[in-house]
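A structural walkthrough
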Amino acid sequence: MRLAIFDLDHTLLAGDSDYLWGQFLIEQGVVDRLVYERENQRFYDEYKAGTLDIEAFCHFSFAPLAAQNFETLKAWREQFVREKIEPVIAPLAPALLARHRLQGDALLITTATNRFVTEPIAELLGVDALIATDPEFVGGRYTGRLEGAPNFQAGKVLRLERWLAAQPQPFDHLTCYSDSRNDLPLLERADTAVAVDPDEVLLAEAQRRGWRVISLRGEAPASV
């Protein structure tokens, strides 16, 4: 059994779903534009720099979920996926996913972005297994609190190990795709690590370690 593990933002997507969701909320007029846009950009910049305080970000990003009823959130999310996510699916991502399926590999998306935002994106990409950061959901509403460990940096390895332990059969080979320095612990855990449109830190590390570097945004086909 072989498992192909994919980061989502800036890997399968040519954009960041968490950041885009924040911008979408601003456009809908449901958060304070000046404050939310400033903080959304600050957290995004910290993420790219590898310095993000994930719990502080969860507190920030879960607040709008807690402020609305679930039916309203689902209606917004449907519009969000259609308007913001479909246009930023990396052009070669579907072919890469399809190639792994043809090889008989199981597919898993692992993302620091919260499950509410990413569940329909994984569905859109045809990937059933998803590990994401989980906002607490009680009595039909989000509470604004984090449930369990955030799926970020070393937390991605922790959550992956728990997921693997719960599977009915062990996997004998893990291939991992990511763009980010934040996923170095995950890439180090994989049997095969692939840097996808990597940031400068991951690119340098991939070159040092001899990991493959590919693009899912260009015209050349990506190879497994």
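Our structure is the block above this text.
This report concerns the structure included in the present document. Bear in mind that the values here come from a model prediction, so they are computed numbers and not experimental data.

**Some remarks on helix α4 (residues 54-66)**
Spanning 13 residues, α4 covers 18 Å between terminal C-alpha atoms, matching the ideal 18 Å at 1.5 Å per step. One side-chain oxygen at the N-terminal end of α4 lies 3.2 Å from the backbone nitrogen of Glu-55; it belongs to Asp-53.

**What about empty space enclosed by the protein?**
By the definition in use, this model includes two cavities of 30 Å³ or more. In this structure, the largest cavity occupies an estimated 200 Å³ of space. Forming the walls of the largest cavity are 19 residues, and the residues nearest its centre are Asp-16, Asp-18, Tyr-47, Ala-112 and Thr-113. Breaking the lining of the largest cavity down by element, the ones donating at least two residues are α2 (17-28), α3 (33-49), α4 and β2 (106-114). Top contributing element to the lining of the largest cavity by residue count: α3, with four residues. Here the second largest cavity is characterised by a volume of approximately 40 Å³. Together, Asp-18, Trp-21, Gly-22, Tyr-36, Asn-40, Phe-57, Phe-60, Ser-61 and Asn-114 line the second largest cavity. Elements with a contribution of two residues or more to the lining of the second largest cavity: α2, α3 and α4. Here the residues of the lining of the second largest cavity sort into four nonpolar, four polar and one charged.

Definitions and cut-offs
Residues numbered from 1 in each chain as written. Predicted model: local features only at pLDDT ≥ 70, side-chain atom pairs only at ≥ 80, totals over all residues. Heavy atoms only, no water. Helix = DSSP H or I, 4+ residues; strand = E, 2+ residues; numbered from the N terminus. Expected span 1.5 Å × (residues − 1). Polar contact = N/O pair within 3.5 Å; in protein donor to acceptor, adjacent residues only side chain to side chain. 1 Å grid on protein atoms, 1.4 Å probe; cavity = no way out; pocket = protein on both sides within 12 Å on 5 of 7 lines; lining within 4 Å. Points joined across faces, edges and corners; volume = space filled by probe spheres on them. Nonpolar A, V, L, I, M, F, W, Y, C, P; charged D, E, K, R; others polar.

What is shown is where atoms sit, not what they do.
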